[in-house]
Amino acid sequence: MKRIVAFTGSNSPNSINQRLIDYIVKEFPNNGIVPLDLKGYDLPMYSPEIEEKGIPVPTKELFQTFTSADGFILASPEHNGLPSAFLKNHIDWLSRIDQRFFGDKPILLLSTSPGRTGGSSHLEIMAKLVQRWGGELVGQFSLGDFYQSFDTRTNTPNKSKEEQLLKQLVNSLLNYKEQPIGSYRTQREIEVFINKTVNQYKNKGFL
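Please read these numbers as outputs of a predicted model, since none were measured by experiment. (Residues numbered from 1 in each chain as written. Predicted model: local features only at pLDDT ≥ 70, side-chain atom pairs only at ≥ 80, totals over all residues. Heavy atoms only, no water.)

Enquirer: Where do I start with helix α4 (residues 85-97) in this structure?
Expert: Over its 13 residues, α4 runs 19 Å from end to end, which matches the ideal 18 Å to within 8%, given 1.5 Å per residue. Considered for burial, the residues of α4 that qualify are Phe 86, Leu 87, Asn 89, His 90, Ile 91, Trp 93, Leu 94 and Ser 95. For α4, the secondary structure elements touched by its buried residues are β1 (4-8), α2 (48-52), α3 (57-67), β3 (71-75), β5 (82-83) and α5 (120-132). (Helix = DSSP H or I, 4+ residues; strand = E, 2+ residues; numbered from the N terminus. Expected span 1.5 Å × (residues − 1). Buried < 20%, exposed > 50% of the residue type's maximum accessible area, 1.4 Å probe, protein only. Contact = heavy atoms within 4.5 Å.)

Enquirer: Just to check I follow, could you spell out the sheet that holds strand β7 (residues 135-143) for this structure?
Expert: Strands in a sheet are paired, the pairing made by backbone hydrogen bonds, and the direction either parallel or antiparallel. Here 5 strands make up an open sheet; going across it, the order is β2-β1-β3-β6-β7 and the pairing parallel. One side of each edge strand has no neighbouring strand; the edge strands of this open sheet are β2 (33-36) and β7. Each neighbouring strand pair of the sheet contributes to a mean axis angle of 20 degrees, computed without reference to strand direction. As judged from the 5 bridges shared by β1 and β3, these two strands associate in the parallel manner. (Pairing = 2+ DSSP bridges. Axes fitted to C-alpha atoms, helices over the stretch in contact; angles between N-to-C directions.)

Enquirer: Explain unusual backbone geometry to me, please; I cannot follow it from the model alone.
Expert: A negative phi angle is the norm for most residues apart from glycine, just as the trans form is the norm for most peptide bonds. Non-glycine residue Asn 80 carries a positive phi angle of around 55 degrees. For Asn 80, the location among the structural elements is in the loop between β4 (78-79) and β5. Overall, the relative accessible area of 82% leaves Asn 80 in the exposed class.

Enquirer: Would you mind showing me how to read the pattern of salt bridges here?
Expert: It is possible for side chains bearing opposite charge to pair when their charged atoms get close. Taken as a whole and assessed by the stated rule, the structure comprises 8 salt bridges. Linking Lys 167 and Glu 27 is a salt bridge whose minimum nitrogen-to-oxygen distance equals 3.4 Å. One end of the pair, Lys 167, is in helix α7 (residues 160-174); the other, Glu 27, is in helix α1 (residues 16-27), with 140 residues separating them in the sequence. Lys 167 gets classed as partly exposed once you look at its relative accessible area, which sits at 29%. (Salt bridge = Lys/Arg side-chain N within 4 Å of Asp/Glu carboxyl O.)

Enquirer: Help me understand the environment of Thr 67 in this model?
Expert: Tracing the chain through its elements places Thr 67 in helix α3. For Thr 67, a relative accessible area of 21% puts it in the partly exposed group. The sequence separation of Thr 67 and Gly 103 amounts to 36 residues, and the corresponding C-alpha distance is 6.9 Å.

Enquirer: Explain the pairing of β3 here, please?
Expert: Along a regular strand, successive side chains alternate from one face of the sheet to the other. With 5 of 5 residues buried, β3 is to be regarded as a mostly interior element. Side chains of β3 alternate between two faces, with Gly 71, Ile 73 and Ala 75 and Phe 72 and Leu 74 buried alike. By the bridge criterion, 4 bridges tie β3 to strand β6 (residues 105-112) in an arrangement that is parallel. Counted as the bridge partner of Leu 74 is Leu 109 from β6.

Enquirer: What am I meant to see in the side chain of His 122 here?
Expert: By secondary structure assignment, the location of His 122 is in helix α5. Filtering out sequence-adjacent residues up to four positions away, His 122 remains in contact with Ser 76, Pro 77, Glu 78, Gly 81, Leu 82, Pro 83 and Ser 111.

Structure representation (structure tokens):
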């Protein structure tokens, strides 16, 4: 069974983006979707001076969790049109171990907010960046007007159209299949395949 790591980029104990993760875990039981709490990995604010003293142990532990995953669901809150500083700091540390820390694996991007756009503007930025970080983007979803669009009592979206779209995207992630080796055509596809193969050997201690 695939192991899909689902997490939010929020450090709020009342995160509405966490609500999206909780909903998906509830709706897709027995599908290998494992919730991850980034708050459990206490990291200092990244700086080269701190890095000179060594990569923090929690970063190494988080990287191993990412390495063991087959895919990711990330619900990212928007702060002033950008991902949160909390998420960015974890990304900065992970990238010091491997710039492509998502390991050329599929990722679904989500966001929600009390506003109409649901954080969609920063997801456009994230969609470009996750590929730099080794993520194979399978889709993105934004839920606007959270407190009108989501029933916090039942932990379910109120609008059937949005709920259906979200489920379709999650199913796309769960059913994601890698291309056969002979089907790679573009230079980018070849590079992804080579990077993934190298990372697999590294993780097994051969490189």
